[in-house]
Amino acid sequence: MGEPTVGVTPPRVLTIAGTDSGGGAGVAADLRAFTGCGVHGCIAVTAVTVQNSVGVTGVHPIPPETVAAQIETVAGDIGLDAAKTGMLASRPIIEAIVAACDRVGIGGTGPIPFVIDPVAASMHGDPLLADEALDAYRTLLFPRATVITPNLDEVRLLVGIDVHDRSAQYDAAKVLHGLGPQYVLVKGGHLEEDVDRCVDLLYDGHTFTELPGPRFDTGNTHGGGDSMGAAIASGLARGLAVPEAVAFGKRYVVEAVRHSYPLGAGHGPVSPLWAVRHWWEEPTP
Ligand code: PXL
């Protein structure tokens with residue numbers, strides 16, 4: 001008889017997102033963050049993007065029914081403790097995701113917590129979402145969300161508020177909460193008034209919580225938002241309450257940005273694997 005194996009099934013988290021051929025953002029970032037957070041990552045791919053560190057040159061959406069089938073196939077067999085979204089590409093894809101999530105209990109009244117990161121564009125400004133799909137975020141996804149995690153560019157697109165100071169960040173959180181998510185996290189990474197720190201704002205409809213963190217002098221932040229959403233979903237899958245899962249995600253992404261690295265001629269990626277032990281540098285036992 002062979003040796004017994006020692007693995008224990010970790011919490012299971014699904015990302016519903018696009019691929020980045022440069023390996024920095026999207027599904028690649030999510031899976032690295034899942035690994036760093038000790039959860040098993042499952043994938044429903046929404047679109048294949050052709051890109052490198054300089055920009056996106058192609059977007060190829062997956063048929064909506066194939067996106068839905070990935071979600072249902074995974075949920076039905078493997079089971080899920082949390083799910084998150086990244087690039088969703090189009091309104092028909094969002095509609096298919098919502099129908100599949102309703103069927104398997106992701107978000108809404110279902111038992112599986114749902115993190116919605118409303119990705120609209122790459123950090124180069126290349127579109128990752130059709131314009132007419134914004135309304136599907138507001139009306140279909142946000143009401144089913146456990147927490148939404150827009151950055152300030154996404155806030156402007158979604159609710160038309162140009163956030164230039166903390167008070168507008170508070171206003172934006174209130175307006176976004178009115179669209180139905182349980183929690184709103186307005187990420188402050190793009191706020192000019194915070195020159196040496198980065199303050200994210202969490203709101204549950206009653207209480208505001210500021211989450212301050214350092215600001216790093218780097219352009220290598222590709223995949224940062226994705227990693228944070230994935231870490232928050234991992235925290236929820238581990239059974240943390242939303243405020244604790246968001247604090248966990250913030251701590252995780254701060255370290256991922258601290259360990260970001262140059263890659264190619266453009267924007268390098270954050271390093272969601274900062275937490276993983278470099279076993280190959282250790283002596284062989
Ligand atoms: O970081 C947002 C994002 C999400 N998903 C994909 C991306 C990007 C940014 O470029 O390419 C596939």
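Just above, that's the structure.
Now for a quick tour of the structure. In this text the structure is predicted, and so the values were computed from the model without any measurement.

So, how was this worked out
- Residues numbered from 1 in each chain as written.
- Predicted model: local features only at pLDDT ≥ 70, side-chain atom pairs only at ≥ 80, totals over all residues.
- Heavy atoms only, no water.
- Helix = DSSP H or I, 4+ residues; strand = E, 2+ residues; numbered from the N terminus.
- Rg over C-alpha atoms; globule rule 2.2 N^0.38 Å.
- Buried < 20%, exposed > 50% of the residue type's maximum accessible area, 1.4 Å probe, protein only.
- Contact = heavy atoms within 4.5 Å.
- Areas by Shrake-Rupley, 256 points an atom, 1.4 Å probe, with all protein chains shown as cover.
- Lys, Arg positive; Asp, Glu negative; His and termini not counted.
- Charge placed at Lys NZ, Arg CZ, Asp CG, Glu CD.
- Axes fitted to C-alpha atoms, helices over the stretch in contact; angles between N-to-C directions.
- Parallel < 35°, antiparallel > 145°, perpendicular 65-115°, else oblique.
- Left-handed = near helix turned anticlockwise from the far one by under 90°.
- Nonpolar A, V, L, I, M, F, W, Y, C, P; charged D, E, K, R; others polar.
- Near = heavy atom within 4 Å.
- Polar contact = N/O pair within 3.5 Å; in protein donor to acceptor, adjacent residues only side chain to side chain.
- Core = buried A, V, L, I, M, F, W, Y, C linked by side-chain atoms within 4.5 Å.
- Pairing = 2+ DSSP bridges.
- Patch = residues over 30% accessible without salt bridge, like charges linked within 9 Å, V, L, I, M, F, W, Y side chains within 5 Å.
- Salt bridge = Lys/Arg side-chain N within 4 Å of Asp/Glu carboxyl O.

Considerations on the overall build of the protein chain
Along the protein chain, the regular secondary structure elements total 8 helices and 9 strands. Taking 2.2 N^0.38 as the reference for a compact globule, 285 residues should give roughly 19 Å; the C-alpha atoms of the protein chain span a radius of gyration of 18 Å, in line with that estimate. Looking at the 285 residues of the protein chain, the share that counts as buried comes to 50%. The contacts in the protein chain between residues at least 6 apart in sequence include a share of 68% that link residues at least 24 apart. A total accessible area of about 12,600 Å² is found for the protein chain, and carbon and sulfur atoms account for 56% of it. Treating the 18 positive side-chain charges of the protein chain as one cloud and the 32 negative ones as another, the clouds have centres 3 Å apart.

Some points on the packing of helix α2 (residues 64-77) against helix α3 (residues 91-104)
Interaxial distance between α2 and α3 falls to 8 Å at its minimum, and their mutual angle equals 20 degrees. Between α2 and α3, the interaxial angle falls into the category roughly parallel. Pair α2 / α3 crosses with right-handed handedness. Between α2 and α3, the residues in contact are Pro-64, Val-67, Ala-68, Ile-71, Glu-72 and Ala-75 and Pro-92, Ile-93, Ala-96, Ile-97, Ala-100, Arg-103 and Val-104, respectively. Taken together, the residues that form the contact of α2 with α3 break down as 11 nonpolar, no polar and 2 charged.

Some details on the site of the ligand
Around the ligand, the structure places Gly-18, Thr-19, Ala-25, Gly-26, Gln-51, Met-87, Val-119, Ser-122, Leu-128, His-222 and Asp-226. In this structure, an oxygen atom belonging to the ligand sits 2.5 Å away from a side-chain N or O atom of Gln-51. Between the ligand and Asp-226 there is a distance of 2.6 Å, counted from an oxygen atom to a side-chain nitrogen or oxygen. Protein chains shield 93% of the accessible area of the ligand, which is 310 Å² for the free molecule.

A short note on the nonpolar core
General note: in soluble globular proteins, nonpolar side chains tend to be found buried as a group. Core analysis: the largest hydrophobic core is formed by 52 residues, its most contacted members being Leu-14, Ile-16, Ile-71, Ile-94, Ile-106 and Tyr-137. If you tally residues by element for this core, the top one is α3, at 7 residues. Residues within four places of Ile-71 in sequence aside, it is in contact with Leu-14, Ile-16, Ala-44, Ile-97, Ala-100, Val-104 and Ile-106. In terms of nonpolar packing, the next biggest core, distinct from the first, is built from 27 residues, Cys-37, Met-228, Ala-245 and Val-270 among them.

Quick look at the side chain of Asp-200
In this fold, Asp-200 is placed in strand β8 (residues 197-203). Within polar-contact distance, the side chain of Asp-200 engages the side chain of Lys-250 at 3.1 Å. Excluding residues within four positions of it along the chain, Asp-200 makes contact with Gln-169, Leu-185, Val-186, Lys-187, Gly-188, Gly-189, Thr-209, Glu-210, Leu-211, Met-228 and Lys-250.

Thoughts on the sheet that holds strand β7 (residues 183-186)
Read from one edge to the other, the open sheet built from 9 strands follows the order β3-β2-β1-β4-β5-β6-β7-β8-β9, with strand pairing classed as mixed. Of all strands in the sheet, those bounded by a partner on one side alone are β3 (56-61) and β9 (208-214). Of the strand pairs in this sheet, strand β5 (residues 114-116) and strand β6 (residues 147-148) are connected by 2 bridges, and their pairing is parallel. The residue of β6 that forms the bridge with Ile-116 is Ile-148.

Here we look at a negative patch on the surface
Taken together, the side chains of Asp-165, Asp-171, Glu-192 and Glu-193 present a region of like negative charge at the surface. Tracing the sequence through the fold places Asp-165 in the loop between α5 (152-159) and α6 (166-177).

Focus on the side chain of Thr-146
Relative to the elements of secondary structure, Thr-146 occurs in the loop between α4 (134-141) and β6. A relative accessible area of 8% places Thr-146 in the buried class. Reaching out from Thr-146, the side chain makes a polar contact with the backbone nitrogen of Phe-114 at a distance of 2.8 Å. Here Thr-146 is in contact with Pro-113, Phe-114, Gln-182, Tyr-183, Leu-236 and Val-242, once residues within four sequence places are set aside.

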